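# Remarks on the overall topology
Residues per chain, in single letters:
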Amino acid sequence: MPHKVISLISVGRHPQSGRSRRADQDSRAVELGLKLAGTDLDVVHAGSSQEPVLRQYAGMGLPKVTVLEQDESADALVSIADYLKSEKADIVLTGVRAESGESSGMTPYILSEQLGWPIVARVADIVDIKEGEAQVLLALPRGQRRQVTVKLPFIASIDNAAEAARQSAFGPGLRAKMDSQKGSTVEDSVRVDWSEAPAKARPKRLKIVKAKTAADRFKAATAKPQGGSGKVMKNESAQEQAQAIFDLLIEEKVIR
Amino acid sequence: MSDIIRRDPRAEWIIRNRLHPLHDQYANQEEGGEVRGPSGLLRKFPHKVGFIGPNGIKRIDRLKGNSSAPKGKRSSAAQEVQLPLHKVDSPEYYIMVVADLVGGRLTGHDKDILGLAHKLIAEQGGNGAVVAVCFGEVKEEHFDTAGVDRLLHIDGEAFEGYSPEARVQALAQVEAQYPVKHWLFPDSIHGGCDLASRLAARLGERPATQAWQVNAEQTVSRGASASLDITRKTPKILMLLEECADAIDETRHEATPITLDGVSVSAPTIQDQGLMDVDPNAIPMAEAEFILSAGNGIHNWDQFHDAAKVLGATEGASRVAVDDGFMPRSRQVGATGTWVTARVYIAVGISGAIQHMQGIGQVDKVVAINTDAGCDMVKRAALSVIGDSEEILSELMKLAAEHKNTSVSDQAEEDSHAA
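Worth saying up front: this structure is predicted, and the values here are computed from it rather than measured. (Residues numbered from 1 in each chain as written. Chains lettered and ligands numbered in written order. Predicted model: local features only at pLDDT ≥ 70, side-chain atom pairs only at ≥ 80, totals over all residues. Heavy atoms only, no water.)

### Quick look at unusual backbone geometry
We apply this condition: Strands here mean DSSP runs of E at least two residues long; helices mean DSSP runs of H or I at least four residues long; both are numbered from the N terminus.
Here the residue pair Leu152 of chain A and Pro153 of chain A is connected by a cis peptide bond, since its omega of -10° sits within 30 degrees of zero. Residue placement: Pro153 of chain A occurs in the loop between β9 (145-151) and β10 (154-158).

Here it is, written out as structure tokens:
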């Protein structure tokens, strides 16, 4: 039985030029959705259906994009939650953090709380779905992966480690249908009080020397960054040398 | 005993003043007292004459103790400084810091956030305490100097490994039991961000994410993929970027353990199946943990690739090896290649050009295998072995293969016992 998969997309922002583009993690979510459900994938955007970036997503081979029409100031969560409640989805895919707006990354978590579904964060891949359970690979730091199983339905936020999105084709993107539905008109009341400004460069932390005496200050100013050199094994046999290296590897737990 | 020199101005004055009635007594004390032989001759013990100077050279005081510094002992030994203890009795409110504890120890990020928590208490006033909330295994020994007033260690099988659901339930119970003013989390990929988002959704709070400038009233946080600064009222839940404040370094704290009553956790919906074996060469070099790197000293390249495979290391190379066509450009470590952050870096036959050294600047442990004991890489390395790389690599491969066999058989034994 095919599973109903929904990918949530947003308008991204190019890190250098600042122009709008398809968001990196969202397009990876669409890619994963296409892998799981093929063209039955339902791609949902809360915002304006006139947004040209949606065509870039559609160019990945989507016959239609569902748009929940709403103003920019309206709360996207309300309309998405209403939509998900009406559709009987098995898997909802999102990015970890949006590239525009507040980009708090809270959307999947709040949806999971409202729907009562589990949320799996930083997913690298969904390997297999059978008997109502999905095997999911999570991306950990240093390129490591963790496998978890989770019961359907669930929400997954897709990490940058997931498979990169396919190229977007211009023509099919233009031909795709924009299925407009009415979204919410609830204003995001908290955000009104915030002030926004272009990001200032963060000050770099300086190395502060808190020396009490002149001798300490002198030592801090002249000390070499590295301490004494390590152990040197010169005359031992190759076997002993290899054993020493191996002990270090075990101690550092890089060999398990 | 303290090394601090205590001067006695009166004794110095008496020693200087030869006409003082107590002069002989004080001067003799200093010299170790005069000894008369059986015939009444003054005997001198040559080993006791003089003192050892600051450079370790023996000095003889020809002034016979008439110099103004009679003790003559100046020590430059560093003193163990006892930092002042910061005490909080019966706190009115708590600031909870949920630490990442990578490998069971506080990270630099955690310590910065503990520092920020104290800053917030100082600004808000009142009797507040900073609580470090820890899950699972804890190896950290210096909670007191990191600024932890109270330590809440939530332990149990349910919280081991990957268990965000159990953890957020425990945190919600902490919220119910203690008067919490703020929840501070590191905005990190080590689980801090995930846990914070879960807690915020559970409590229905709107958190500030990627916050970097926080005081009691206002918070500045990044938005729109770090292109926007959002200024808002400081919320209850904060996810903080690195270097958001300075870590505590001038005080000691109590780190008194506190407990959470009646932790009850429902069965998790996400089952952890453990870590996967990852192809080490598929990991981007910049974030690989363990790198085996080859340079000009390698002649048997097949063996090198085998060694990397057996050890489970990511392959790297110096510029020479890449220029000679033995390794692809993407594997180059150094100024023109990748700047690596590995924990262990084995440099085989790399003498260590400065460009290469820049590339491994952030590496914790460097192991050098080289024929030249005087090269720069040996100076940088924590362990260097001087010898033929081919021989050493083959021994290393043998050891790794043996280790793999024994660990597999151990596991098999355990399984059979379990069955």
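### Digging into a negative patch on the surface
Residues and elements named next belong to chain B. The condition is simple: Residues enter patches when they are more than 30% accessible in relative terms and free of salt bridges; like-charged ones are connected within 9 Å and nonpolar ones (Val, Leu, Ile, Met, Phe, Trp, Tyr) within 5 Å. The protein chains shown are the only cover counted for residues, whose accessible areas, like all others here, come from Shrake-Rupley with a 1.4 Å probe. By definition, a salt bridge exists where a carboxyl oxygen of Asp or Glu is found within 4 Å of a side-chain nitrogen of Lys or Arg. In this charge count, Lys and Arg are treated as positive and Asp and Glu as negative; neither His nor the chain ends contribute. For the purpose of locating charges, the reference atoms are NZ of Lys, CZ of Arg, CG of Asp and CD of Glu. When a residue's accessible area, from a 1.4 Å probe over protein chains only, is under 20% of the maximum for its type it is buried; when over 50% it is exposed; and in between it is partly exposed.
Residues Glu137, Asp155, Glu157 and Glu160 make up a contiguous surface patch of negative charge. As for its placement among the helices and strands, Glu157 is situated in the loop between β8 (150-154) and α5 (164-177). Given a relative accessible area of 78%, Glu157 falls into the exposed group.

### Let's talk about the interface of chain A and chain B
It is common to give the size of an interface as the accessible area lost on bringing the parts into contact. Under the convention used in this document: Contact between two residues is taken to exist if any of their heavy atoms lie within 4.5 Å; hydrogens are not considered. Two parts placed together each lose some accessible area under a 1.4 Å probe, and the buried area is that loss summed for both. Polar contact criterion, stated in full: a pair of N or O atoms within 3.5 Å, where within protein one must be able to donate a hydrogen and the other to accept it, and residues adjacent in sequence count only if both atoms are side-chain atoms. The residue classification treats Ala, Val, Leu, Ile, Met, Phe, Trp, Tyr, Cys and Pro as nonpolar and Asp, Glu, Lys and Arg as charged. All others, Gly included, are polar. Pairing between strands is defined by DSSP: at least two bridges between them are needed.
Each partner contributes to the interface: chain A provides 70 residues, whereas chain B provides 79 residues. Summed over the three residues of chain A that lose the most area to chain B, namely Arg142, Arg202 and Arg205 of chain A, the buried surface amounts to 12% of that side. Linking chain A with chain B are seven salt bridges. Measuring nitrogen to oxygen at the nearest pair gives 3.6 Å for the salt bridge that ties Arg205 of chain A to Asp246 of chain B. At the surface where chain A touches chain B, the tally comes to 33 residue pairs in polar contact (both at pLDDT 80 or more). Looking at the side of chain A that touches chain B, the elements with two or more residues in it are α4 (107-115), β7 (119-130), β8 (133-139), β9, β12 (195-198), β13 (231-233) and α7 (238-251) of chain A. No other element matches α7 of chain A, which puts eleven residues into the side of chain A that touches chain B. Considered class by class, the residues forming the side of chain A that touches chain B number 33 nonpolar, 15 polar and 22 charged. Direction of pairing for β13 of chain A relative to strand β21 (residues 383-386) of chain B: parallel, over a ladder of three bridges.

### Some points on the pairing of strand β4 (residues 42-47) of chain A
All names here are of chain A. Under the convention used in this document: Orient the strands so they point away from the viewer; a crossover is then right-handed if the path from the first strand over the helix to the second runs clockwise.
Summarising burial for β4: six of the six residues are buried, a large majority. Pairing of strand β1 (residues 5-9) with β4 involves four bridges; the strand directions are parallel. Opposite Leu8, over in β4, you have Val44 as the bridge partner. Pairing of β4 with strand β5 (residues 64-69), which is carried by four bridges, proceeds in the parallel orientation. From the neighbouring strand, Gly47 faces β5, where its bridge partner is Glu69. Following the backbone out of β4, through helix α2 (residues 53-58) and into the adjacent parallel β5, one traces a crossover that is right-handed.

### Things to note about the UniProt feature "domain: Electron transfer flavoprotein alpha/beta-subunit N-terminal" (unreviewed entry) in chain A
Defined as follows: UniProt positions are given in the numbering used here, feature names are shortened, and annotations may be inferred rather than shown by experiment.
When the UniProt feature table is mapped to this numbering, "domain: Electron transfer flavoprotein alpha/beta-subunit N-terminal" (unreviewed entry) covers residues 11-186 of chain A. Secondary structure content for residues 11-186 of chain A is 26% helix and 34% strand, while the C-alpha to C-alpha distance between its ends is 20 Å.

### Let's talk about the sheet that holds strand β16 (residues 270-275) of chain B
Selection rule: What counts as an axis is a line fitted to C-alpha atoms, over the stretch in contact for a helix, and the angles between N-to-C directions run from 0 to 180 degrees.
Across the sheet, which stays open at both edges, the ten strands sit in the order β11(A)-β5(A)-β4(A)-β1(A)-β6(A)-β10(A)-β7(A)-β8(A)-β9(A)-β16(B) with mixed pairing between neighbours. Either end of the sheet is taken by a strand with one partner, and the two such strands are β11 (177-182) of chain A together with β16 of chain B. Taken over all neighbouring pairs, the strand axes of this sheet differ in orientation by 30° on average, direction set aside. The sheet contact formed by β7 of chain A and β10 of chain A spans three bridges and is parallel. When the bridges of β10 of chain A are listed, Val123 of chain A appears paired with Ile158 of chain A. Where helix α1 (residues 24-37) of chain A meets the sheet, it contacts β1, β6 (91-95), β7 and β10 of chain A, and its direction lies at approximately 165° from that of β1 of chain A. Contacting β1, β4, β5, β6 and β11 of chain A, helix α3 (residues 76-86) of chain A runs over the sheet at an angle of about 150° to β4 of chain A.

### Focus: the side chain of Asp90 of chain A
Residue and element names in this part refer to chain A. Within the secondary structure, Asp90 is located in the loop between α3 and β6. Lacking a salt bridge, the buried Asp90 has Lys4 as its closest oppositely charged neighbour, with an N-O distance of 8.9 Å. For Asp90, the residues in contact, after removing those within four places along its chain, are His3, Lys4, Leu152, Pro153 and Phe154.

### A look at the packing of aromatic side chains
Residues and elements named next belong to chain B. Here is the rule: In this scheme Phe, Tyr and Trp rings, the latter by its six-membered ring, pair at centre separations within 6.5 Å, and the angle between planes marks the pair as stacked below 30 degrees, edge-to-face above 60, and tilted otherwise.
Summed over the entire model, instances satisfying the criterion amount to five aromatic pairs over all chains. Relative to Tyr178, the ring of Tyr94 lies with its centre 5.3 Å away and its plane at 85°, an arrangement referred to as edge-to-face. Pair noted here: Tyr94 is in strand β6 (residues 93-98) and Tyr178 is in the loop between α5 and β9 (180-186), with a separation of 84 residues, a long-range link. As far as burial versus exposure is concerned, Tyr94 and Tyr178 are alike and both buried. With a centroid separation of 5.7 Å and an interplanar angle of 75°, the aromatic rings of Trp301 and Phe304 are classed as edge-to-face. One end of the pair is Trp301 and the other is Phe304, both in helix α7 (residues 301-311) and three residues apart, which spans about a single turn. Across the pair, Phe304 and Trp301 agree in class, each one buried.

### Structural notes on helix α6 (residues 192-203) of chain B
Residues and elements named next belong to chain B. Convention followed: Here the expected span of a helix is defined as 1.5 Å times the quantity of residues minus one.
Compared with an ideal rise of 1.5 Å per residue, which puts twelve residues at 16 Å, α6 spans 16 Å between its outermost C-alpha atoms and is within 8% of the ideal. Of all twelve residues that make up α6, ten are buried, and the element is covered over most of its length. Where α6 ends, the next residue or the one after it, Gly204, has phi of about 70°, a positive value.

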